Amino acid sequence: MNDLGSMPLGAMPGDARPETTRIVRADTEGIARTAELLRAGRLVAFPTETVYGLGADATDPAAVARIFAAKQRPRFNPLISHLPRVAAARQEGAFDAAAERLAEAFWPGPLTLVVPAARTTEICDLARAGLASVALRVPGSAIARDLLAEVGRPVAAPSANRSGRISPTSAEHVRADLDGRIAAILDGGPTEVGVESTVVACLGGPPRLLRPGGVTREALEAVLGEPLDAPSDSDKERPAGPGLLASHYAPRARVRLGAESIRPGEAALLFGGARPPGLSDAAAWIDLSERGDLAEAAAALFASLRFLDAAGAATIAVVPIPSEGLGEAIADRLGRAAAPR
Ligand code: TXA
Ligand code: MG
């Protein structure tokens, strides 16, 4: 499983030749091997507690360019750089008081901080899309942190899916999208949180919530002692990442939100044990959390969309889901899945 010996290290620049994608168990040896691949400029998908990331050495523009090629991203968007420790993150960005408080409270964990890039940052321009700011995250997953510590450089990683597709929460999801396009997938099993990190900008003035995610607005505001601001006009003028595009996270099927009943032939995404009228004529259905737990629902969200999509129905009907706490990130992702394309 962990035998990468036959892989020509460094022999795969950003060309279109398919390569053999190895699935590597996330033990000590597997982590060492995949860290070596990353240090050689290769692409490795790795587990975080949110979703699987498509990693490349953030200090190497050629490696970062391969991320965009593998994902078939239409344009260069700023990426999150991952670090093993808060101290390593401080080398790359300038933390104001709010950023320090949030890092202290939520790292390691599903929070990304956008801060001014440090003058000495090693993160390349391409990973930052030429911006003066940098997006940093110390992930909660111990496997991810072990890998990052072994790489010894910031690792840029968007979600490990092709552009516009549902984010991967298992190694198998990554394989389905990126087989033959990346060197390896470090398999750490299914991810715990299931939705991407919350992105908060600390660029002077009150912190702004750029993307809801695994850390709730309520938890952030409790630590800050003030409400988060909405994104500013300048945030919106930035080359917005695909995670901010309306039609991101799209399954093949159309998505119908707020469904009180299920129409014949629809697939149904349910919550909280409720069984709406018409369910017996559904093509397929799945309940994100029978006991109405939003954390359980977030963890199951992307895999459930993939499952329902595979049933082949033209439409996925989604019942109302509470929008507080992690429900804000769930509503955000479902809203994007439902957006017109
Ligand atoms: O959970 C996650 O965040 C996952 C895992 C792999 O860590 N990563 C992820 O990356 O979702 P990605 O590339 O799909 O999303 C990056 C988000 C985008 O919304 C992007 O616009 C924002 O971070 N971002 C990155 N750099 C930024 C910057 N300098 N200013 C504003 N937004 C930035
Ligand atoms: Mg993504």
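Trainee: Honestly, the pattern of salt bridges in this entry has me stumped. Any pointers?
Mentor: Two side chains carrying opposite charge are able to pair once their charged atoms lie near each other. The tally for this structure, following the rule as stated, stands at 21 salt bridges. One salt bridge in this structure joins Glu29 and Arg33, with 3.5 Å as the shortest N-O distance. Residue Glu29 and its partner Arg33 are located together in helix H1 (residues 28–39), separated by four residues, close to a single helical turn. You can call Glu29 partly exposed: its relative accessible area is 40%. The partner of Arg275 in a salt bridge is Glu290, and the shortest N-O contact between them spans 2.8 Å. You can see Arg275 sitting in the loop between strand S12 (267–270) and strand S13 (284–287) and its partner Glu290 sitting in the loop between S13 and helix H10 (294–310), a full 15 residues away along the chain.

Trainee: Explain the packing of H10 against helix H11 (residues 327–338) here, please?
Mentor: Two quantities define a packed helix pair, namely the angle between the axes and the distance from one axis to the other. H11 packs onto H10 with a crossing angle of 20° between their chain directions and a minimal axis gap of 9 Å. If you check the angle between H10 and H11, you find them roughly parallel. Remark: the crossing between H10 and H11 carries left-handed chirality. On H11, the residues touching Leu294, Ala297, Ala298, Leu301, Phe302 and Leu305 of H10 are Gly327, Ile330, Arg333 and Leu334. Across the contact of H10 with H11, the residue classes tally to eight nonpolar, one polar and one charged.

Trainee: Can you help me understand the pairing of strand S2 (residues 44–47) in this one?
Mentor: Covered by surrounding structure in S2 are Val44 and Phe46 together with Ala45 and Pro47, the residues of both alternating faces. Bridge count for S2 against strand S3 (residues 52–57) is four bridges, and the pairing is antiparallel. Each residue of the ladder has a partner; that of Ala45, found in S3, is Leu54. Hairpin remark: S2 followed by S3, antiparallel, with four residues in the connecting loop. Judged from the two bridges that link them, S2 and strand S8 (residues 184–187) form a sheet pairing that is parallel. Of the residues in S8, the one forming a bridge with Ala45 is Ile185.

Trainee: Hey, could you run me through the sheet that holds strand S14 (residues 315–318) in this one?
Mentor: Hydrogen bonds between backbone groups are what pair the strands of a sheet, and the pairing can be parallel or antiparallel. Pairing in this open sheet of four strands is parallel, and the strands run S11-S14-S12-S13 from one edge to the other. Every other strand in the sheet has two partners, leaving strand S11 (254–256) and S13 as the edge strands with one partner each. In this sheet, adjacent strand axes meet at a mean angle of 20° when their direction is disregarded. Pairing geometry for S12 and S14, over three bridges, is parallel. Bridge assignment links Ala268 to a residue of S14, and that residue is Ala317.

Calculation notes
- Residues numbered from 1 in each chain as written.
- Chains lettered and ligands numbered in written order.
- Predicted model: local features only at pLDDT ≥ 70, side-chain atom pairs only at ≥ 80, totals over all residues.
- Heavy atoms only, no water.
- Salt bridge = Lys/Arg side-chain N within 4 Å of Asp/Glu carboxyl O.
- Helix = DSSP H or I, 4+ residues; strand = E, 2+ residues; numbered from the N terminus.
- Buried < 20%, exposed > 50% of the residue type's maximum accessible area, 1.4 Å probe, protein only.
- Axes fitted to C-alpha atoms, helices over the stretch in contact; angles between N-to-C directions.
- Parallel < 35°, antiparallel > 145°, perpendicular 65-115°, else oblique.
- Left-handed = near helix turned anticlockwise from the far one by under 90°.
- Contact = heavy atoms within 4.5 Å.
- Nonpolar A, V, L, I, M, F, W, Y, C, P; charged D, E, K, R; others polar.
- Pairing = 2+ DSSP bridges.

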